[in-house]
Structure formats: structure tokens, C-alpha cells
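Here is how the chains run, residue by residue.
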Amino acid sequence: MSELNVRAEKLDAADELAGKRAEFVTDDVVYLDGNSLGALPAVVPGRVADVVRRQWGELRIRSWEESGWWTAPERIGDRIAPLVGAAAGQIVVGDSTSVNVFKALVGAVRMAGEGRDEIVVDATTFPTDGYIAESAARMTGCALRPVAPADVPDALGGRTAAVLLNHVDYRTGRLHDLPGLTDAVHEAGAYVVWDLCHSAGALPVGLDEHAVDLAVGCTYKYLNGGPGSPAYLYVRRELQDRFDSPLPGWNSHAEPFGMRTGYAPAAGALRGRVGTPDILSMLALEAALEVWDGVPVEAVRAKSLALTDFFLECVAAYVPEGRVECLTPVAHAERGSQIALRCDDAGDVMKRLIAQGVIGDFRAPDVLRFGFTPLYVGFADVERAARVLAGTLD
């Protein structure tokens, strides 16, 4: 048994979050792809069966009221709120991340008003965010300006209406400076929209603390909501009465059952709703979020950093020198909860890793991505993953 293997056992024995692993459906693989799809919380199958068989099968239409279907979007939003540092009443769950990016970005431009006709977008963003930003710019008559996050403060000016940024870079795992960049956007008189897909559930966000204007995120990664589980939209309380959604559906009407021909927006975060909620996946998400009961996000962050530190140490010890290059910043303040390694033949290497029970993913052209979900990943998993990677590359 190697020294690193012994250390892994000791670290697992001292891990305050180790008991959470039993709340997930796991097997003997090392699952390091929770930054793409989280593992299944064990409570979900039974809850979904009840929703299907009893709430839908027996109560049917009565479940909109008796089973709480109608209030699910804001109720589940309030469960997500503490995980992103938000008070209740500011998050609504529903639609996809892409749809919520569109709502938030157009809403931000509308709030910015006359004379501001430029949208700044993270030049390294996930492609869909870029596509949505380009469409939103065309629709609102704005110019679109792609800028690297570090260069955003210098790019802002009197024409800037809205800025769309990713909290964590999906390729490299770089954590961007949410407080500093938010302040810079506000100093320029513009509004900021943060994409939290790769940070919510992995590290503290502090939406309220840092006066973030709008934020969006998915729920199927670190929040373990399941494939295609609904996304969410955060609108800061002080802005809610000014938020003018470009998708005014009947679910966000002040009188949704009044069937008025004219639209009057509901008060509060409900303005972010559009159409009928996807109840099956939404209630699966609600059940999945129970694994967070009693879990401080700060403890998750501490373990995430410890896991990624240990993985890098094991990679350095096991993998032949020069075979991989780490793209993820070493500094804790600049690191999310994943490690990205540049590697020749990365696509084939990942296929061989998966065949040996180490599940990560590949990003073209040459990146191996490993996501560390502290609720169910342990230090022995990390040591094993690095050892298998070394054997695969040897």
C-alpha cells in the first residue's frame, strides 16, 4: 500500500461529509463527472414513484393545489437559495438554463434603459450562453462585445447595458472574481448576469452579499437534480418590480387564472415564470435537494479544495512527467471544483479511463475534465483515479 493510499484512508476517516455518500446510489466506479451530471440521491426514486402513482395517478388535477404543484417553482427556489447565498423570495425554478439566460439578459438590457446599447459577454463562455447573448443583442438593438473576464473592468463604459459572465469556466475550472467583477459592472452603471452552473452546490456564491443583479444556473450538476432537471433564475429583490421578462407567460401573470387579454406581471420572483412547470422533473429535484439538509456550503468548499489538492498531488506523484498539463489554477481563490488536464490523445485516454472504472469527460481538442462532488466523492476515489490515469498513460 502506497503512502498516498494510506493518507487517503486517513483523510476519509476524518471527513465530516463522508456519511453523505450513503444518501446516494453509488457503485464501485470512481465518478468524477458530477460537474456534468450529479449522482442519483437515494430518496428520489421513491418520491418520483409517489408523484406518478398517487399525485398524478390518483389525485390528478387536484394535485396542483393539494400536492403543492402550483407553488413548486418558488418553493424549490427557496431551497436552492441558501446554497447560492440568497434570501428566500428571489429564485424561481423552471425552464432550461438557456431560457433563463435569455430572460435575465434581455431583462437587464431593459432595466439599463436608453443610451446603453452594448452587451458584454464572457469570451470564454459555454457556447449556449454566447448564442443566447448574440440573439439577445440582435433583439434589443445592442452591440455584442466578447471580452475575457479579466479584461471586463477595462471594457466597461457608458454604453454598457449588461454583462454576462460565468462564475467558473467550464473547460478549465477557473473561478472568476464574482465580487470584484460585480462591483466593476455596477460602477459603470450596468447590470450583471452570472451563470452559476459550475459553482452552485460546489462553493459559496454570495448573491445577496455581493448585490448580484441576476443569476441563472442548472440543477443537474452539483445539485444532483437529474438529467434535464429544471434550471433557476435569481432576481435581486430590489430589482424585481423593474424586471421586465421577454417571455411573459400565463404563469407569471398577476392573475394567472383571470385569462386577461392584457399582461400584468406578478409581484416578486414569480415574474420569472413562463408556462406550466415540468412537474415530474421539478419534484424529483425537490427530493434530491434533501441531501443538502444540514450541510454548510463552506464545508463542501473546504472538502472540494482538499480533494482537488490531493488529486493534483497524486497526479504529480504517479503520472509520468510531461504527460499532462494542468489548466486549472493552483490558487484556491481561482479554482472551482474540477481539475482540467491537457493531454495528447485526450479523447482516447478518457475512453480507456472509463473502461477501467474512472468516469470523467473529454472536452475537445485535448482536455480531460474531472469534477469533484464532495457529497459523494472521497479521497480514496481521488487516489485511485490518479493511479489509473498514470497506468493508462504509461
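Residues numbered from 1 in each chain as written. Predicted model: local features only at pLDDT ≥ 70, side-chain atom pairs only at ≥ 80, totals over all residues. Heavy atoms only, no water.

Here is the rule: UniProt positions are given in the numbering used here, feature names are shortened, and annotations may be inferred rather than shown by experiment.
Identification of the protein as Kynureninase from Streptomyces dubilierae is taken from an unreviewed UniProt entry. Taken from UniProt, the Function (unreviewed entry) comment for the protein reads in full: "Catalyzes the cleavage of L-kynurenine (L-Kyn) and L-3-hydroxykynurenine (L-3OHKyn) into anthranilic acid (AA) and 3-hydroxyanthranilic acid (3-OHAA), respectively." UniProt, in its Subunit (unreviewed entry) section for the protein, records the words "Homodimer."

What to know about the overall build of the protein
The criterion, for reference: Only DSSP runs of H or I reaching four residues or more are called helices, and only runs of E reaching two or more are called strands; each is numbered from the N terminus. This radius of gyration counts C-alpha atoms alone. The globule rule is 2.2 Å times how many residues there are, raised to the power 0.38. The contact criterion used throughout is that any non-hydrogen atoms of two residues lie within 4.5 Å. Calculation of accessible area relied on Shrake-Rupley with a 1.4 Å probe; when residues are assessed, cover is drawn exclusively from the protein chains displayed. Residues scored as charged are limited to Lys and Arg (positive) and Asp and Glu (negative), so that His and the chain ends carry no count. Working definition for charges: the position is that of NZ of Lys, CZ of Arg, CG of Asp or CD of Glu.
Looking only at helices and strands, the protein features 12 helices and 13 strands. Over its C-alpha trace the protein gives a radius of gyration of 22 Å, about what one expects of a compact globule, namely 21 Å for 394 residues. The dimensions of the protein, computed from C-alpha atoms along their principal axes, are 70 × 60 × 35 Å. In the protein, of all internal contacts separated by at least 6 residues, the share reaching a separation of at least 24 is 73%. A total of about 16100 Å² of accessible surface is found on the protein, and carbon and sulfur atoms cover 54% of it. Both charge centroids of the protein, one from 37 positive and one from 54 negative side chains, sit 4 Å from each other.

Overview of the sheet that holds strand 13 (residues 367-371)
Going by this rule: By definition, two strands form a pair when at least two bridges between them are found by DSSP. As a rule, the C-alpha atoms of each element are fitted with a line to give its axis, helices using only the stretch in contact, and angles between N-to-C directions run from 0 to 180 degrees.
On the basis of which strands lie adjacent, the open sheet formed by four strands has the order 9-10-13-12 and antiparallel pairing. Where the open sheet ends on each side, the last strands, each with one partner, are strand 9 (324-326) and strand 12 (361-363). Averaged over all pairs of adjacent strands, the angle between their axes in this sheet comes to 35 degrees, without regard to strand direction. As defined by bridge partners, strand 12 adjoins strand 13 across three bridges and the pair is classed as antiparallel. In the strand pairing of strand 13, Asp-361 is matched with Arg-369. Packing of helix 10 (residues 297-318) onto the sheet brings it into contact with strand 9, strand 10 (338-343) and strand 13, and relative to strand 10 it is tilted by some 25 degrees. Along the sheet, helix 11 (residues 346-355) makes contact with strand 10, strand 12 and strand 13, crossing strand 13 at roughly 40 degrees.

Description of the nonpolar core
Stated precisely, the cut-off is as follows: Residues belong to one nonpolar core when they are buried, are Ala, Val, Leu, Ile, Met, Phe, Trp, Tyr or Cys, and are joined through side-chain atoms within 4.5 Å. Only protein chains enter the accessibility calculation, which uses a 1.4 Å probe. A residue is then buried if its area is under 20% of the maximum for its type, exposed if over 50%, and partly exposed in between.
The biggest cluster of nonpolar side chains holds 82 residues, and the ones touching the most others in it are Leu-196, Phe-311 and Phe-370. Judged by nonpolar contacts, the second largest core, of 28 residues, contains Val-101, Leu-105, Ala-137 and Leu-233.

Thoughts on the UniProt feature "modified residue: N6-(pyridoxal phosphate)lysine" (unreviewed entry) in the protein
The condition that has to hold: Think of a polar contact as two N or O atoms within 3.5 Å of one another; within protein, one of them needs to be a possible hydrogen donor and the other a possible acceptor, and neighboring residues in sequence only count if both atoms come from side chains.
UniProt annotation of "modified residue: N6-(pyridoxal phosphate)lysine" (unreviewed entry) refers to Lys-221 when read in the numbering used here. Relative to the elements of secondary structure, Lys-221 occurs in the loop between strand 7 (214-217) and strand 8 (232-235). Here the side chain of Lys-221 touches Asn-35 through a polar contact of 3.2 Å, landing on its backbone oxygen.

Remarks on the pairing of strand 5 (residues 160-166)
Where burial is concerned, most of strand 5 is hidden: seven out of the seven residues are buried. Bridge count between strand 3 (residues 118-122) and strand 5: four bridges; the pairing is parallel. When the bridges of strand 5 are listed, Ile-119 appears paired with Ala-162. Pairing of strand 5 with strand 6 (residues 191-195), which is carried by five bridges, proceeds in the parallel orientation. Its bridge partner being in strand 6, Ala-162 is matched across the sheet by Tyr-191.

Quick notes on the UniProt feature "binding site: pyridoxal 5'-phosphate" (unreviewed entry) in the protein
As annotated in UniProt, the feature "binding site: pyridoxal 5'-phosphate" (unreviewed entry) corresponds to Thr-97, Ser-98, Phe-126, Pro-127, Thr-128, Asp-129, Asp-195, His-198, Tyr-220, Trp-250 and Thr-276 in the numbering used here. With a sequence span of 180 residues, these residues are also far apart in the fold, their greatest C-alpha distance being 30.7 Å. By secondary structure assignment, the location of Pro-127 is in helix 6 (residues 127-140). Examined against the element boundaries, Tyr-220 turns out to sit in the loop between strand 7 and strand 8. Given a relative accessible area of 25%, Tyr-220 falls into the partly exposed group.

Details of the environment of Ala-202
By secondary structure assignment, the location of Ala-202 is in the loop between strand 6 and strand 7. A relative accessible area of 0% places Ala-202 in the buried class. Separated by 98 residues in sequence, Ala-202 and Val-300 place their C-alpha atoms 6.4 Å apart. Excluding residues that lie within four positions of it along the chain, Ala-202 makes contacts with Tyr-222, Val-300, Arg-301, Ser-304 and Ser-337.

Comments concerning the pattern of salt bridges
Stated precisely, the cut-off is as follows: Basic side-chain nitrogens of Lys or Arg form a salt bridge, by our definition, when they fall within 4 Å of a carboxyl oxygen of Asp or Glu.
Inspection of every chain in the model, using the stated rule, returns 25 salt bridges. A salt bridge links Glu-74 to Arg-273, with the shortest nitrogen-to-oxygen separation between them at 2.9 Å. Remark: Arg-273 occurs in the loop between strand 8 and helix 9 (279-288) and Glu-74 occurs in helix 4 (residues 72-80); sequence separation between them is 199 residues. Of the two residues examined, Glu-74 and Arg-273, each falls in the buried class. Residue Arg-387 pairs with Glu-383 through a salt bridge whose shortest N-O separation is 2.8 Å. A residue pair is termed a helical-turn pair when its members lie 3 or 4 positions apart in one helix, as Arg-387 and Glu-383 do in helix 12 (residues 379-393) at four residues. Residue Arg-387 is classed as partly exposed on the basis of its relative accessible area of 39%.

Focus: the environment of Arg-352
Among the secondary structure elements, Arg-352 is positioned in helix 11. We classify Arg-352 as partly exposed; its relative accessible area is 38%. Residues Arg-352 and Asp-122 lie 230 residues apart in sequence; the distance between their C-alpha atoms is 33 Å.

What about the domain arrangement of the protein?
Cut-off, in case you're wondering: Residue ranges labeled as domains rest on an automatic or database domain assignment. Defined in terms of a 1.4 Å probe, buried area is the accessible area two parts forfeit on being brought together, summed over both.
Taken domain by domain, the protein comprises domain 1 (3-31 + 296-393) and domain 2 (49-292). Taken together, the 25 residues of domain 1 in the interface contact 19 residues of domain 2. Here domain 1 and domain 2 share an interface that buries about 1800 Å² over both sides, 59% of which is from carbon and sulfur atoms. In this structure, the connection of domain 1 to domain 2 is made through one salt bridge. Note that Arg-174 and Glu-334 form a salt bridge whose closest N and O atoms lie 3.2 Å from each other. Sorting the residues of the side of domain 1 that touches domain 2 by element identifies helix 10, strand 10 and strand 13 as the ones contributing at least two each. If you tally residues by element for the side of domain 1 that touches domain 2, the top one is helix 10, at five residues.

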